[in-house]
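In case you want the letters, here they are:
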Amino acid sequence: MKKILCISGSLRPTSTNTNILKSIPHLTKWPDLSFSLYEGLDQLPYFSPELDYEGATPSASVADLRAQLKTADAVIVCTPEYAFGVPGVLKNALDWIVSSGEFVNKPTAVISASPMMTGGDKANASLVQTLKVMTAAITDDRILIIPTIRTKIDATGNIIDEALKKELIKIVDSLNSSI
Ligand SMILES: Cc1cc2nc3c(=O)[nH]c(=O)nc-3n(C[C@H](O)[C@H](O)[C@H](O)COP(=O)(O)O)c2cc1C
């Protein structure tokens, strides 16, 4: 089984972005893939280089994030945009990975979803830039901006837009082809 770790940039229990990630495994059959959702974003300490020196013992939550990323064959990040940027909790998590390097050459997809027409495009672009500087393997077919998400997902979190389902399947297929 190849492992795909899904990371949502939203802490809301009813987050549309988290619901997209929860829906993905059910879009079609991927017999060789297993999906897991990272749920520790709000447990991480605030990043400081003072806590991240060489030889430091990371906190349990940071060690857990790094371990989950290390054992993942690919990663899907799906995030909202806050004030034209990446949510702070998500950026905080990524800052903990800069020195430890779990994103190096990791096939990674970057998705943003928003009720607005812009689909979180600024957060998406910023996230792509951050992950690329960490040398995550992001190709154009693994980047997706989803506008007007509330018309494409129902109240129980099921994706009801057929075109979106196909786009998400293509993203997973792209990741699967390179792991
Ligand atoms: C503080 C705040 C700032 C926001 N800024 C933006 C923004 O810049 N662009 C955008 O598309 N949506 C923005 N939104 C709306 C979010 O896209 C919307 O709340 C979305 O549903 C959040 O994603 P989630 O459902 O996964 O939690 C903002 C929401 C909040 C609470």
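Refer to the structure above for everything that follows.
Below, the structure is looked at part by part. Remember, predicted model here, so these are calculated numbers, not experimental data.

### What about the overall build of the chain?
In terms of regular secondary structure, the chain is built from five helices and five strands. What you see in the chain, going N to C, is helices and strands ordered as β-α-β-α-β-α-β-α-β-α. Its C-alpha atoms give the chain a radius of gyration of 16 Å, within 12% of the compact-globule value 16 Å for 179 residues. If you line up the chain on its principal axes, its C-alpha atoms span 50 × 35 × 25 Å. Partitioning the intrachain contacts of the chain with sequence separation of at least 6 by distance along the chain shows that 78% fall at a separation of at least 24.

### Here we look at the environment of L168
Residue position: L168 is located in helix α5 (residues 162–177). On the basis of relative accessible area, L168 is assigned to the buried category, the value being 0%.

### A look at the pattern of salt bridges
In this structure the tally under the stated criterion is five salt bridges. Note that D32 is salt-bridged to K2, the shortest N-O span being 3.5 Å. Of the two residues, D32 is situated in the loop between α1 (16–23) and β2 (33–37) and K2 in strand β1 (residues 2–8); the sequence distance between them amounts to 30 residues. Residue classification places D32 among the partly exposed positions, given a relative accessible area of 31%. D52 is the partner of R66 in a salt bridge, and the nearest nitrogen-oxygen pair spans 3.0 Å. Taken together, the positions of R66 in helix α2 (residues 60–71) and D52 in the loop between β2 and α2 put the pair 14 residues apart, joining distant regions of the chain. The exposure classification of R66 matches that of D52, with both residues buried.

### Quick notes on the site of the ligand
S10, R12, S15, E81 and S114 are the nearest of the 14 residues found near the ligand. A distance of 2.7 Å separates an oxygen atom of the ligand from a polar atom in the side chain of S10. Considering the ligand on its own, with 610 Å² of exposed area, one finds that the protein chains cover 71% of that surface. Grouping the amino acids of the shell around the ligand by side-chain chemistry returns six nonpolar, five polar and three charged.

### Some points on the sheet that holds strand β5 (residues 143–146)
As summarised here, the arrangement of the five strands in space is β2-β1-β3-β4-β5, forming an open sheet in which the pairing is parallel. Looking at strand neighbours, the two that pair on one side only are β2 and β5, the edges of this open sheet. Strand-to-strand twist of the sheet, defined as the mean angle between neighbouring strand axes without regard to direction, takes the value 15 degrees. Inspection of the sheet shows β1 paired to strand β3 (residues 74–79) by five bridges, in the parallel sense. Looking across to β3, one finds that I4 is bridged to A74.

### Some points on the packing of aromatic side chains
Tallied over the full model, the rule gives two aromatic pairs. Judged by centre distance (5.7 Å) and plane angle (55 degrees), the rings of W30 and F35 are tilted. Taking 4.9 Å as the distance between ring centres and 85 degrees as the angle between the ring planes, the aromatic pair formed by F47 and W96 counts as edge-to-face. Residue F47 is found in the loop between β2 and α2, and its partner W96 is found in the loop between α3 (88–95) and β4 (108–113); the two are separated by 49 residues along the sequence. Take F47: its relative accessible area is 26%, and that puts it in the partly exposed class. The ring of F84 has K122 lying over it, and the distance from NZ or CZ to the ring centre is 4.0 Å.

The rules behind each value
- Residues numbered from 1 in each chain as written.
- Predicted model: local features only at pLDDT ≥ 70, side-chain atom pairs only at ≥ 80, totals over all residues.
- Heavy atoms only, no water.
- Helix = DSSP H or I, 4+ residues; strand = E, 2+ residues; numbered from the N terminus.
- Rg over C-alpha atoms; globule rule 2.2 N^0.38 Å.
- Contact = heavy atoms within 4.5 Å.
- Buried < 20%, exposed > 50% of the residue type's maximum accessible area, 1.4 Å probe, protein only.
- Salt bridge = Lys/Arg side-chain N within 4 Å of Asp/Glu carboxyl O.
- Near = heavy atom within 4 Å.
- Polar contact = N/O pair within 3.5 Å; in protein donor to acceptor, adjacent residues only side chain to side chain.
- Areas by Shrake-Rupley, 256 points an atom, 1.4 Å probe, with all protein chains shown as cover.
- Nonpolar A, V, L, I, M, F, W, Y, C, P; charged D, E, K, R; others polar.
- Pairing = 2+ DSSP bridges.
- Axes fitted to C-alpha atoms, helices over the stretch in contact; angles between N-to-C directions.
- Phe/Tyr/Trp six-rings, centres within 6.5 Å; stacked < 30°, edge-to-face > 60°.
- Lys NZ or Arg CZ within 6 Å of the ring centre and 35° of its normal.

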